[in-house]
Amino acid sequence: MPDIRIENAGSIVLIRPMTPVGKAWVEENVHADDWQHFGGAIAAEPRTVQAVIDGMQSDGLEVFILGA
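Residues numbered from 1 in each chain as written. Predicted model: local features only at pLDDT ≥ 70, side-chain atom pairs only at ≥ 80, totals over all residues. Heavy atoms only, no water.

### Quick word on the side chain of Arg 16
Okay, step 1: If you trace the backbone, Arg 16 turns up in strand 2 (residues 13-17).
Okay, step 2: There is a polar contact of 2.7 Å between the side chain of Arg 16 and the side chain of Glu 7. (Helix = DSSP H or I, 4+ residues; strand = E, 2+ residues; numbered from the N terminus. Polar contact = N/O pair within 3.5 Å; in protein donor to acceptor, adjacent residues only side chain to side chain.)

Structural data, given as structure tokens:
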């Protein structure tokens, strides 16, 4: 199971922690306002997500990218 699942829906991307390690990483490294929390995921603009993915991968997390 990947630590993080990235769900790309085009105009919005969901960053969904799948493991305790992934959840801890997101809590420590991703700033999200209350309105961005969506069913256990964080909603983000597509232009901001690649830097987050790069950070996750450089820290050794397994990231699965789904969608566009």
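### Considerations on the confidence of the model for the protein chain
Segments scoring low in pLDDT should not have their predicted coordinates read at a detailed level.
Okay, step 1: In this model, the protein chain carries a mean pLDDT of 95, and residues with pLDDT of at least 70 account for 99%.
Okay, step 2: Within the protein chain, no element has a lower average pLDDT than strand 3 (residues 37-38), which sits at 94, and none a higher one than strand 2, at 98. (pLDDT = per-residue confidence, 0-100.)

### Looking at the pattern of salt bridges
Okay, step 1: For the coordinates displayed, the defined rule picks out four salt bridges.
Okay, step 2: For Arg 5, the salt bridge is made with Glu 7, and the minimal N-O distance between the two is 2.6 Å.
Okay, step 3: Residue classification places Arg 5 among the partly exposed residues on the basis of a relative accessible area of 26%.
Okay, step 4: Residue classification places Glu 7 among the buried positions, given a relative accessible area of 16%.
Okay, step 5: A salt bridge links Glu 7 to Arg 16; the nearest nitrogen and oxygen atoms lie 2.7 Å apart. (Salt bridge = Lys/Arg side-chain N within 4 Å of Asp/Glu carboxyl O. Buried < 20%, exposed > 50% of the residue type's maximum accessible area, 1.4 Å probe, protein only.)

### Brief notes about the nonpolar core
Within soluble globular proteins, side chains that are nonpolar tend to cluster in buried spots.
Okay, step 1: With 16 residues, the main nonpolar core has Ile 4, Ile 6, Ile 15, Trp 25, Val 26 and Met 56 as its most contacted residues.
Okay, step 2: Mapped by element, the contributors of at least two residues to this core are strand 1 (4-8), strand 2, helix 1 (20-29), strand 4 (41-44) and helix 2 (46-58).
Okay, step 3: Counting residues per element, this core draws most heavily on helix 2, at four residues. (Core = buried A, V, L, I, M, F, W, Y, C linked by side-chain atoms within 4.5 Å.)

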